[in-house]
Amino acid sequence: MKCHRCPKVATLHITEIVKGEPEELHLCEDCAQQYLAQATTGAGTEESAGGLIKSPSGMGDLDLAELEKLVCPTCKLTFREFRNSGRVGCAHCYSAFRDELLPLLENIHGETHHCGKFPKRAPDDSQKRFQLIKLRNDLRLAVAEESYEEAARLRDQIQDLEHHLSQETAE
Amino acid sequence: MPVVDLNELIGTRGEWMQGKGPESDIVMSSRIRLARNLVQFPFLTRCDETVRGEIERTLRKQVVDLTLGGQLTYFDVEQLEGVDRQFLVERQLISRELAESHGSRGVCFTEGESVSLMLNEEDHLRIQVLRSGFDLDGCWNEINRIDDLLEERLAFAFDEQLGFLTACPTNVGTGIRVSVLMHLPALVLTKEIQKVFQALQKISLAVRGLYGEGSQAMGDFYQISNQITLGKSEDQLLKNLRDVVPSIIGYERKVRGALVEDNRQALHDKISRAYGTLKSAQSISSEETMHLLSSVRMGVNLGLIDDLPIPTVNELFMHTQPAHLQKLRRSNLDSADRNVARAAYLRQRLAIAQPGDQN
Ligand SMILES: [Zn+2]
Ligand SMILES: [Zn+2]
């Protein structure tokens, strides 16, 4: 079979889901490299979250078929439906599709760890661990802004908290 | 809770329209929204009408007796007429999405209209706080308190790594949308606004026009808001805007100053003509009204018009929109009739500002 983009022989066969319809792409090695590079760098410009998910690099028919079978056990949303709409169906979708969602979240937000408000009803232990993430984040910022007094204060707070947490786990 | 007639709202003005607060000549309002979902229900796209109804009832029971400062009003949005929904959109009490979707949904808001809670929007709950002028900290303190109050009564979907879980992954984490509505006529007039857009894009802030349907802002109003919601604290996201908005304000002021300095006569002429048209037109479209009111608003802030208070100008932006006009006239009007009614309303309101003028 001939490559779709040049006269060379196609060695990679990629199935893209375009508007819910599978679309076959046959490419030679060079064109496939190009295609995959575009698929990862071009991702940030799209509006809809679902549109951000391009075939991850190197993904052939088989992997994609596997992805297509993914279903959230709670709300029964399929990964394919999520891809098309850009909306998850329930809170559990975030666990069911976690591996696929994390790169997408990284694309959208540039980060994958929450470090804002934490519900008060959450267990004390996870609150502390969470507080730690937030403080480390603040520290990084303080250092970047060269606010060294603030950074020193944060470092003390972090050490305190780490100490507390290690004691609790030891108990 | 008293039943409030929607028609009575027309005689009142939202607190955020008072034209008070810091930098209110350029920053019309500050707004924060939080997206929250109840842990025990799926997100709305996976709910049938029965479950939607259950979510609405669950939330309604908990929100209507919150202590939010002032009396609360609740509207079952599904039961409202189209023009009433549009009316709430124009008042910024509900989003266009809530107005135009289907099934059980509602809105609860305070007397001064500065707090509003949307039920069954894209997420189960959207909390909104709106304030006059540049006052993000005021918005945050209030919305954070409301969120705390709600959290005592409701369990929100939350993940230790990802934070608050939302129907769309673009809102996950803090679920916060911080925005500032700016009036930037001088930057638009001199086309300097493009530079502002480019600069904002680089620091992942989004810019939208307010009253326009598409991306083109009408009346020179632009809404600037955070694009990302995950991986930064609410404080940091607020700080982003708190840092950048003053420089845009400074830029707009500088360009206004230069316009007055270099082209005072041309500017005065443009503003006076805009004012004159608004005071005497017999039929006027919504777009033209926005455009001319924008010039007039700048004229008032530059001291080139001295008989018109800013809150009145702010109110005219709202009252000349389709649903408000129809409420004022107490009848449904088609587009051509609205243009005539709008011109009559403007003549009447602006004549009051000029005692010597015959109505
Ligand atoms: Zn090729
Ligand atoms: Zn699900």
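Predicted model, so just to flag it, every value in this text is computed and none were measured. (Residues numbered from 1 in each chain as written. Chains lettered and ligands numbered in written order. Predicted model: local features only at pLDDT ≥ 70, side-chain atom pairs only at ≥ 80, totals over all residues. Heavy atoms only, no water.)

**Re the interface of chain A and chain B**
We count it as follows: The contact definition used throughout considers only heavy atoms, calling two residues in contact when any of these lie within 4.5 Å. By buried area we mean how much accessible surface two parts lose on assembly, using a 1.4 Å probe and totalling the loss over both. The term polar contact refers here to a pair of N or O atoms within 3.5 Å; inside protein, the definition further demands a hydrogen-donor-capable atom paired with an acceptor-capable atom, and it admits residues adjacent in sequence only when both atoms are side-chain atoms. Helical segments are the DSSP runs of H or I of at least four residues, strand segments are the runs of E of at least two, and each set is numbered from the N terminus. Under the convention adopted here, Pro, Cys and the residues Ala, Val, Leu, Ile, Met, Phe, Trp and Tyr are nonpolar, Asp, Glu, Lys and Arg are charged, and Gly plus all remaining residues are polar.
The interface of chain A with chain B comprises 39 residues on the first partner and 40 residues on the second. Taking both partners together, chain A and chain B bury about 3,300 Å²; carbon and sulfur atoms supply 55% of that area. Scanning the region where chain A abuts chain B turns up 19 residue pairs in polar contact (both at pLDDT 80 or more). At the level of elements, helix H3 (79-85), helix H5 (98-109) and helix H6 (124-144) of chain A are the ones that each hand at least two residues to the side of chain A that touches chain B. When grouped by side-chain class, the residues that make up the side of chain A that touches chain B number 18 nonpolar, nine polar and twelve charged.

**Considerations on the packing of helix H6 (residues 193-202) of chain B against helix H7 (residues 234-280) of chain B**
All names here are of chain B. Put simply, the test is: To obtain an axis, a line is fitted to C-alpha atoms, over the contacting stretch when the element is a helix, and the angle between two such axes runs from 0 to 180 degrees between their N-to-C directions. Any angle that falls under 35 degrees is termed roughly parallel, while one over 145 is termed roughly antiparallel, one within 65 to 115 roughly perpendicular, and all others oblique.
Following both chains from N to C, one finds H6 and H7 inclined at 170°, their axes separated by 12 Å at the closest point. Between H6 and H7, the crossing angle belongs to the class labelled roughly antiparallel. Every residue of H7 that contacts H6 at Lys195, Val196 and Leu200 is listed here: Val244, Ile248 and Tyr251. For the contact of H6 with H7, a count of residues per class yields five nonpolar, no polar and one charged.

**Overview of the sheet that holds strand S10 (residues 221-226) of chain B**
Residue and element names in this part refer to chain B. Cut-off, in case you're wondering: Strand pairing is defined by DSSP finding a minimum of two bridges between the two strands.
Strand order in the open sheet formed by eight strands is S2-S3-S4-S5-S1-S8-S10-S9, with antiparallel pairing between adjacent strands. On the outer flanks of this sheet lie strand S2 (72-76) and strand S9 (205-209), each paired with one strand and no other. Strand-to-strand twist in this sheet, taken as the mean axis angle between neighbours without regard to direction, amounts to 20°. Strand direction decides the pairing type here: strand S1 (residues 27-36) and strand S8 (residues 176-183), joined by seven bridges, are antiparallel. Bridge pairing in S8 links Val27 to Met182.

**Focus: the confidence of the model for chain B**
Interpretation of this model should avoid reading the predicted coordinates in detail wherever pLDDT is low. All names here are of chain B. Under the convention used in this document: The quantity called pLDDT is the predictor's confidence in a given residue, expressed from 0 to 100.
When pLDDT is averaged across chain B, the result is 90; 94% of the residues are at 70 or more. Predicted confidence in chain B is weakest over S9, with a mean pLDDT of 81, and strongest over strand S4 (residues 115-119), with 97. The low-confidence segment residues 355-359 (pLDDT under 50) makes four contacts with residues lying over four places distant or belonging to another chain.

**Examining the packing of aromatic side chains**
Here is the rule: Only the six-membered ring of Trp is used, alongside the rings of Phe and Tyr, when aromatic pairs are assigned; centres must lie within 6.5 Å, and planes under 30 degrees apart are stacked while those over 60 apart are edge-to-face, with the rest tilted. Whether a charge sits over a ring depends on NZ of Lys or CZ of Arg being within 6 Å of the ring centre and within 35 degrees of the ring normal.
By the definition in use, this model includes eight aromatic pairs over all chains. Geometrically, the ring pair formed by Phe82 of chain A and Phe97 of chain A is stacked, given 6.4 Å between the ring centres and 25° between the ring planes. One end of the pair, Phe82 of chain A, is in helix H3; the other, Phe97 of chain A, is in the loop between helix H4 (93-96) and H5, and 15 residues separate them in sequence. For the cation-ring pair, Arg36 of chain B lies above Phe164 of chain B, with the distance from its terminal atom to the ring centre recorded as 3.5 Å. Over the ring of Tyr275 of chain B we find Lys279 of chain B, and its NZ or CZ is 3.9 Å from the ring centre.

**Some remarks on the coordination of the zinc ion (ligand 2)**
Residue and element names in this part refer to chain A. Applied cut-off: Listed donor atoms are N, O and S within 2.8 Å of the metal (Na, K and Ca: 3.2 Å). As water is not included, a site may look incomplete. In short, tetrahedral needs four donors with all angles between 85 and 135 degrees, square planar needs four and octahedral six donors with opposite donors over 155 degrees apart and all other angles between 65 and 115, and whatever is left is irregular.
Distances from the zinc ion (ligand 2) to its protein donors, Cys72 (SG), Cys75 (SG), Cys90 (SG) and Cys93 (SG), fall at 2.3 to 2.4 Å. Geometry at the zinc ion (ligand 2) is tetrahedral, judged from its four donor atoms and the angles of 99 to 123° they form at the metal. Read in sequence order, the donor residues coordinating the zinc ion (ligand 2) give the pattern C-x2-C-x14-C-x2-C. Of the two residues, Cys72 is situated in the loop between helix H2 (61-69) and H3 and Cys93 in helix H4; the sequence distance between them amounts to 21 residues.

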